Amino acid sequence: MADSYHQDRAKAPALRDRRLERERQARQEAERIAEDATRRLYREQVKLETILEVTRLANASDSLEDTTTQGLQQLADHTVWRRAHALYRDPAGQLRRIANLNLPARDDEVEPTPAGRALLDSACGIESQLGLASQHPNRPERCCICSIYVHGHCYGLIEAFADTPDIDPDLSREVIEGIAQALGHVYKREHDRRVIEHMAYFDSLTGLGNRALFFDRLELALRRARRADQCVAVLALNIDRFRDINDMVGKQAGDQLLITLAQGLQDVIRETDTAARIGGDEFVVVFDGIDSSEDVEGLCQRVLKALHHHHSMHTAEEFHPRLSAGVAVFPGDAPDAEALTRCAETALQRSKTEGGARLTVFDPALAERSARRRELEQEVRAAVSNGELTPWFQPIVALPGGRIIGAEALLRWQRAGAPGPDQFVPILEELGLMLEVGDQVLHTAMQQAADWRAAGHEFQRISVNVSPVQLKRDHFLTVLDQALANTGLPAECVCLEVTENVYLEGDSSIRDRIAAISERGVHIALDDFGTGYSALGYLQWLRLDTLKIDKSFVQPLGQDPYYSNLVRSIIGLAQALDLQVTAEGIEHPEAARMLASMDCTYGQGYYFGRAMPADALTPLLHKRL
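The model shown is predicted, which means the values in this text are computed figures rather than measured ones. (Residues numbered from 1 in each chain as written. Predicted model: local features only at pLDDT ≥ 70, side-chain atom pairs only at ≥ 80, totals over all residues. Heavy atoms only, no water.)

Novice: So what's going on with the overall build of the protein? Residues and values would help.
Specialist: Within the protein, the regular secondary structure consists of 21 helices and 18 strands. Here the C-alpha atoms of the protein give a radius of gyration of 41 Å, more than 25% beyond the 25 Å that 2.2 N^0.38 yields for 625 residues. Along the longest, intermediate and shortest principal axes, the C-alpha atoms of the protein span 165 × 70 × 50 Å. Out of the 625 residues in the protein, the part that is buried amounts to 47%. In the protein, of all internal contacts separated by at least 6 residues, the share reaching a separation of at least 24 is 66%. Only carbon and sulfur atoms are counted for the fraction: they give 49% of the accessible area of the protein, which is about 31,200 Å². A distance of 5 Å separates the average location of the 69 positive side-chain charges in the protein from that of its 93 negative side-chain charges. (Helix = DSSP H or I, 4+ residues; strand = E, 2+ residues; numbered from the N terminus. Rg over C-alpha atoms; globule rule 2.2 N^0.38 Å. Buried < 20%, exposed > 50% of the residue type's maximum accessible area, 1.4 Å probe, protein only. Contact = heavy atoms within 4.5 Å. Areas by Shrake-Rupley, 256 points an atom, 1.4 Å probe, with all protein chains shown as cover. Lys, Arg positive; Asp, Glu negative; His and termini not counted. Charge placed at Lys NZ, Arg CZ, Asp CG, Glu CD.)

Novice: Please give an account of the side chain of Glu282 that cites residues and values.
Specialist: By the secondary structure assignment, Glu282 is in strand E8 (residues 282-290). The buried charged residue Glu282 lacks any salt bridge, with Arg211 as its nearest oppositely charged partner at 5.6 Å. If sequence neighbours within four positions are ignored, Glu282 has contacts with Ala236, Leu237, Asn238, Ala276, Arg277, Glu345 and Leu348. (Salt bridge = Lys/Arg side-chain N within 4 Å of Asp/Glu carboxyl O.)

Novice: Describe helix H5 (residues 211-228), naming the residues involved and giving the relevant values.
Specialist: Over its 18 residues, H5 runs 25 Å from end to end, which matches the ideal 26 Å to within 8%, given 1.5 Å per residue. Among the residues making up H5, those that are buried are Leu213, Phe214, Phe215, Leu218, Ala221, Leu222 and Ala225. In this fold, the buried residues of H5 make contact with helix H4 (169-201), strand E6 (231-239), strand E7 (274-277), E8, strand E9 (323-330) and helix H9 (337-353). Where H5 begins, the capping side chain belongs to Asn210, and its oxygen is found 3.1 Å from the backbone nitrogen of Ala212. Following H5 by one or two positions, Asp229 has its phi on the positive side, about 55°. (Expected span 1.5 Å × (residues − 1). Polar contact = N/O pair within 3.5 Å; in protein donor to acceptor, adjacent residues only side chain to side chain.)

Novice: Give a detailed account of the packing of helix H2 (residues 64-78) against H4, specifying residues and quantitative values.
Specialist: One way to put it is that H2 packs onto H4 with a least axis distance of 10 Å and a crossing angle of 175°. It follows from the interaxial angle that H2 and H4 lie roughly antiparallel. On H4, the residues touching Leu64, Thr67, Thr68, Gly71, Gln74, Leu75 and His78 of H2 are Leu171, Val175, Ile176, Ile179, Leu183, Val186, Tyr187 and Glu190. Split by residue class, the contact of H2 with H4 holds 9 nonpolar, 5 polar and 1 charged. (Axes fitted to C-alpha atoms, helices over the stretch in contact; angles between N-to-C directions. Parallel < 35°, antiparallel > 145°, perpendicular 65-115°, else oblique. Nonpolar A, V, L, I, M, F, W, Y, C, P; charged D, E, K, R; others polar.)

Novice: Any details on empty space enclosed by the protein? Residues and values, ideally.
Specialist: Within this structure, the stated rule accounts for 1 cavity of 30 Å³ or more. Here the largest cavity defines a volume of roughly 60 Å³. Lining the largest cavity, in full, are Ile396, Ile405, Arg461, Ser463, Cys495, Glu497, Ala525, Thr546, Lys548, Thr582 and Tyr602. Mapped onto the lining of the largest cavity, the elements with two or more residues apiece are strand E13 (461-465), strand E14 (494-498) and strand E16 (546-549). A per-class count over the lining of the largest cavity returns 5 nonpolar, 3 polar and 3 charged. (1 Å grid on protein atoms, 1.4 Å probe; cavity = no way out; pocket = protein on both sides within 12 Å on 5 of 7 lines; lining within 4 Å. Points joined across faces, edges and corners; volume = space filled by probe spheres on them.)

Novice: Outline the sheet that holds E6, listing residues and values.
Specialist: Ordered by their spatial adjacency, 5 strands build an open sheet running E7-E8-E6-E9-E10, and the pairing between neighbours is mixed. The sheet is open, and its two edges are formed by E7 and strand E10 (359-361), each paired on a single side. The average angle at which neighbouring strand axes cross in this sheet is 20°, direction not considered. Sheet analysis places E6 next to E9, joined by 8 bridges and oriented antiparallel. Across the sheet, the residue bridging to Leu237 is Ala325, located in E9. In the packing of helix H7 (residues 251-268) onto the sheet, contacts are made with E6, E7, E8 and E9, and the angle to E8 comes to roughly 5°. (Pairing = 2+ DSSP bridges.)

Novice: Can you break down unusual backbone geometry residue by residue, with the values?
Specialist: Looking along the chain, the bond that leaves Phe330 and enters Pro331 is cis, with omega of 10°. Leu399 connects to Pro400 through a cis peptide bond whose omega is -10°. In this fold, Pro400 is placed in the loop between strand E11 (389-398) and strand E12 (404-413). Even without being a glycine, Asp578 presents a positive backbone phi close to 60°. If you trace the backbone, Asp578 turns up in the loop between helix H19 (561-576) and strand E17 (580-583). Note on Asp578: relative accessible area 71%, which makes it exposed. The backbone of Asp599 sits at a positive phi, close to 65°, despite the residue not being glycine. One can find Asp599 in the loop between helix H20 (589-597) and strand E18 (602-603).

Novice: Tell me about the sheet that holds E14, and please be specific about residues and values.
Specialist: Ordered by their spatial adjacency, 8 strands build a closed barrel running E11-E12-E13-E14-E15-E16-E17-E18, and the pairing between neighbours is mixed. Bridging between E14 and strand E15 (residues 523-529) involves 4 bridges; their strand directions are parallel. Across the sheet, residue Leu496 finds its bridge partner in E15, namely Ile524. Against the sheet, helix H11 (residues 421-430) contacts E11 and E12, and its axis sits at roughly 70° relative to E12. The strands touched by helix H12 (residues 434-454) within the sheet are E11, E12, E13 and E14, with E11 carrying the most contacts at an inclination of about 50°.

As structure tokens, this is what we get:
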């Protein structure tokens, strides 16, 4: 028993030491747990305070820059990351430095670090990374990056830098991610604002300014010009026959042409100028800060020349557009933005009425003509809707003898005091109405010819003018086939008259279409021969049957030997090519006699009869004129 007592006393110190060690370890564990809890509490408190502060700033300020700068300052205050910047990705995808803290001042457009760029392109949420931004052996630079991400879109990036190691990387991650989360809604709000602003002020197809931006910039330019005693010019331009281009190549190709023109404008104008698209194919340029109005025309010509060169470099040859343009200058032509723009558009319209592909400088006389032009356009639209445009018929006679063998359908406006076709036909083409009217005239004329033949008249041919606009359209062959089927008129009784513009504007599709018309047995006549380029090359590919000598060569016959020799030469050329010849504009018997002696096939003109309604021509069909 004594031995047991002595043994217990010998073990007591060891037991006490073990108990004290356990207590010490328990105390250390408690202290570690408390320290970890304190650290977690501090981290949560820092993160919460940071997020709340950034959120408060975001709600209190409309400035994206100020809010982001304060967010970066919060990061610097609570972590080792003392230098930082934030990059914002705008709706166009361009990166811009939106805030900078203790980094070298550089341009707004700054490239992120390689790791930052990779994160921007791959982020699927708010993601942060720690690493090295620089591998310099003496002074490695550490980097902490985080994407700014909300609602499925990455709006930007925070990049922070430090020279010392991060002793609490978890805190850094939580703080920077919290800041990114708070900024995400601010960046989305800014992104949405810019999208709405872009929609309000920019053209969605070309990226140029729209009408609202144009007038905003023009008003600013006018205010500067009044203070500096300078000039401001407005150049209005559009593509000649753009509707025809759309009909020929389709809307998608037409849109690409507009985009190319817009890009060209942006490339050739000065940085101080503004280009905008304010209509379908209508573009305007504000030339700001011009010292003298005498400089304007030369400036505009240089722009148009540069645009032509741009298109020759970026589009196929057959799609090089012809541009009409008009320019007006403040203060000489108009005192305010609205009036100045109207003056430029008036000058543009004058360019188009004179054939297009030119620049017109505004003068006051244009305003009155423009008003009349707009009035006439409205009247022409109404005439088409009301069916006031109908074909009349001018007799075509055999030479010699004067027997009526056919007639040419000529469009006339059935209204007292209405203008002639030389005035309203170009307007029909510019308004895009020639297709509709041309199809109606073709069918009406063929039906009338079929009726005359059914009534027993020896009516051999009805001639109908066809514009390049109609021939550029695939649907024209369908229209022709339907008219032949519906009227029962033999194809050899139909003659389609084309002008040299078909050759000058032609392409392979028109060539194929004319060939298809000829294969149907329909005749092709070249109208107004001798008034244009009269190149012999197109006499081959146009598959012609008839040459029509222009009246400007026929009317002087008997008065000037030069024209007699000229007409005789044209007839000889036609006979050598096995073509029939119709002489237009015969107004006196001497001209008819001379043409018959030259073996001209047919004659047409006031001597035989003016264009008249069908019921007026009917009783003449069995007579000699």
